[in-house]
Amino acid sequence: MLDWYGEHQRDLPWRRTCDPYAVWVSEIMLQQTRVDQVRPYYDRFMDRFPTVEHLGKASLEDVLKAWEGMGYYARARNLHRAARRVVDEHGGQIPDDPARISDLPGIGPYTAAAISSIAFGRDCPVVDGNVVRVLSRLFHLTDTPASSAARKRIDGLAGRLLARGRAGNFNQAMMELGAKICTPRKPRCGECPVNPFCEARKTLPDPAVLPRKKPRPQRPHHRVVAGIVRRNDEVLIVRRPTDGLLGGLWEFPGGIVGKGVDGETFLAEEMKNTLGIGIRVDRSVATLRHAFTHFEMTLQGYNCSHLQGVVRHRDGNECRWVRFEDLGRFAFPRAYRRLIEAAAKVREVREPAGST
DNA sequence: CTCCGGAGAC
DNA sequence: GTCTCCGGAG
């Protein structure tokens, strides 16, 4: 595995250093996100926040802006909180101890083991989704890794296989193998360095049936409407509560429309109730779909006009009137960013640049 | 009352 | 992947 890794590892920015902070940032970004998507974000992030101190001193607003588009924004909030703690409690040094690293928000067993082995050379086995898949096939494990017993068995195997003294490279080799060779659907068994030892390959017509997945429940579908409310040359944006879904991000006011309810009527009603303003719904800007982990939504955006009333959010959420051109400075969820793009096109048609 | 394990949220 | 919540366990 080590030889294979030495020869086939991808040249990734975070592999060019063993700076614990760099490893940490990359591992957090890599949680639930593909390497290809992470790469550009990682470079920008490290450019903007080169050290734990930089990150700790930054505002959550700035961190979220740098994270915009990657999803799972709790990762950014936790990373930011953790950086502050590293600065305050550990003098800016990331602790060289798996248990202490785990204490930091956003760092669980996987990330603690990854940082410990890669940045500090500790003999900690790393088990992420890739490793689970590799080991399930290598040892022909037929129980779903969703069960705690099966999972413990996998953790045990990972520990026994670990190349002592070279844990960092070994762990990365396992994950790399899962990412490039032992892939979920069509594994390239012919190119696998450990294929002589693979029980699944020996036993099964198709090793890809492992690991056994547990059936997923159907995702509910929500219809969401949002209003881009104009007042002179500004539009209204509202900030979501720090905790919960898309916490701390900005969006256009609106909400989930119940079944059988008229979207435009609901939108006007919602603005009245939540913000205390009267608006007129002018026209639909775009309808787009977005998938979250546990539900899907259809987002319909409308251009609206402010009629009357001073904005005052019922729940105290921060609200701002900003120039359309300045929306880029705020962190929006992906779906809303796309809505902004659509709205910008509509504007171009109606008010070509330089027309005023 | 603290400690898992499972489930669902993010 | 991690966190949070919750019921059952000790």
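A.B. asks: What should I look at first to understand the environment of Pro 205 in this one?
C.D. replies: Relative to the assigned elements, Pro 205 resides in the loop between α12 (199-203) and β1 (221-231). Residue Pro 205 is classed as exposed on the basis of its relative accessible area of 84%. Spatially, the C-alpha atom of Pro 205 lies 14 Å from that of Gly 190, the residues being 15 residues apart in sequence.

A.B. asks: Where do I start with the protein's contact with DNA strand B in this structure?
C.D. replies: Around DNA strand B, the neighbouring residues are Tyr 72, Ser 148, Lys 152, Gly 244, Leu 245, Thr 293 and His 294. Looking at DNA strand B alone, sugar and phosphate atoms form 53% of those within 4 Å of the protein. One of the side-chain nitrogen or oxygen atoms of Ser 148 is found 3.1 Å away from a phosphate oxygen of DNA strand B. Lys 152 is positioned such that a nitrogen or oxygen atom in its side chain is 3.2 Å from a phosphate oxygen of DNA strand B. Of the residues contributing to the surface near DNA strand B, the split by class is 2 nonpolar, 4 polar and 1 charged.

A.B. asks: How should helix α10 (residues 148-161) be read in this particular structure?
C.D. replies: Between its first and last C-alpha atoms α10 spans 20 Å; for 14 residues at 1.5 Å apiece the expected length is 20 Å, and the two agree. Those residues of α10 that sit buried are Ala 150, Ile 154, Leu 157, Ala 158 and Gly 159. Tucked inside the fold, the buried residues of α10 contact α9 (129-138).

A.B. asks: I tried to follow a positive patch on the surface on my own but got confused; where do I start?
C.D. replies: A cluster of basic residues, Arg 185, Lys 186, Lys 213, Arg 216 and Arg 219, forms a positive patch on the protein surface. Note that Arg 216 resides in the loop between α12 and β1. On the basis of relative accessible area, Arg 216 is assigned to the exposed category, the value being 72%.

A.B. asks: What is the right way to look at the protein's contact with DNA strand C in this model?
C.D. replies: Taken together, the residues surrounding DNA strand C are Gln 31, Gln 32, Leu 104, Pro 105, Gly 106, Ile 107, Gly 108, Pro 109, Tyr 110, Thr 111, Asp 128 and Gly 129. What you see for DNA strand C is that sugar and phosphate hold 72% of its atoms within 4 Å of the protein. Measuring from a base nitrogen of DNA strand C, one finds a side-chain N or O atom of Gln 32 at 2.9 Å. Residue Tyr 110 places a main-chain N or O atom 3.1 Å away from a phosphate oxygen belonging to DNA strand C. It is helix α8 (residues 109-120) that provides the largest number of residues to the surface near DNA strand C, a total of 3 residues. Looking at the surface near DNA strand C residue by residue, the class counts come to 5 nonpolar, 6 polar and 1 charged.

A.B. asks: What is the right way to look at the packing of helix α2 (residues 20-30) against helix α3 (residues 35-48) in this model?
C.D. replies: The angle between the axes and the distance between the axes are what describe a pair of packed helices. Contact geometry of α2 with α3 gives a least axis separation of 10 Å together with a crossing angle of 140°. When the axes of α2 and α3 are compared, the pair comes out oblique. Crossing geometry of α2 relative to α3 is assigned as right-handed. Contact residues: Tyr 21, Ala 22, Val 25, Ser 26, Met 29 and Leu 30 in α2; Val 35, Val 38, Tyr 41, Tyr 42, Phe 45 and Met 46 in α3. Among the residues making up the contact of α2 with α3, the classes are represented as 11 nonpolar, 1 polar and no charged.

A.B. asks: Explanation requested: empty space enclosed by the protein in the structure shown.
C.D. replies: A probe matching the size of a water molecule, rolled over the atoms, marks out where space remains unfilled. Counted according to the given criterion, the structure contains 3 cavities of 30 Å³ or more. Roughly 110 Å³ of internal volume is contained in the largest cavity. Taken together, 13 residues form the lining of the largest cavity, with Arg 137, Cys 182, Cys 189, Cys 192 and Cys 198 sitting closest to its centre. Tallying contributions element by element places α9 first for the lining of the largest cavity, with 3 residues.

A.B. asks: Help me out: how do you make sense of the pattern of salt bridges in this one?
C.D. replies: Where charged atoms from two side chains of opposite charge come close, those side chains can pair. Applying the stated criterion to the full structure yields 21 salt bridges. In this structure, Arg 151 engages Asp 155 in a salt bridge whose closest nitrogen and oxygen atoms are separated by 3.0 Å. In this pair, Arg 151 and Asp 155 are both assigned in helix α10, 4 residues apart and thus about one turn of the helix distant. Note that Asp 282 and Arg 280 form a salt bridge whose closest N and O atoms lie 2.8 Å from each other.

Here is what the cut-offs are and how they apply
Residues numbered from 1 in each chain as written. Chains lettered and ligands numbered in written order. Predicted model: local features only at pLDDT ≥ 70, side-chain atom pairs only at ≥ 80, totals over all residues. Heavy atoms only, no water. Helix = DSSP H or I, 4+ residues; strand = E, 2+ residues; numbered from the N terminus. Buried < 20%, exposed > 50% of the residue type's maximum accessible area, 1.4 Å probe, protein only. Near = heavy atom within 4 Å. Polar contact = N/O pair within 3.5 Å; in protein donor to acceptor, adjacent residues only side chain to side chain. Nonpolar A, V, L, I, M, F, W, Y, C, P; charged D, E, K, R; others polar. Expected span 1.5 Å × (residues − 1). Contact = heavy atoms within 4.5 Å. Patch = residues over 30% accessible without salt bridge, like charges linked within 9 Å, V, L, I, M, F, W, Y side chains within 5 Å. Areas by Shrake-Rupley, 256 points an atom, 1.4 Å probe, with all protein chains shown as cover. Salt bridge = Lys/Arg side-chain N within 4 Å of Asp/Glu carboxyl O. Lys, Arg positive; Asp, Glu negative; His and termini not counted. Charge placed at Lys NZ, Arg CZ, Asp CG, Glu CD. Axes fitted to C-alpha atoms, helices over the stretch in contact; angles between N-to-C directions. Parallel < 35°, antiparallel > 145°, perpendicular 65-115°, else oblique. Left-handed = near helix turned anticlockwise from the far one by under 90°. 1 Å grid on protein atoms, 1.4 Å probe; cavity = no way out; pocket = protein on both sides within 12 Å on 5 of 7 lines; lining within 4 Å. Points joined across faces, edges and corners; volume = space filled by probe spheres on them.

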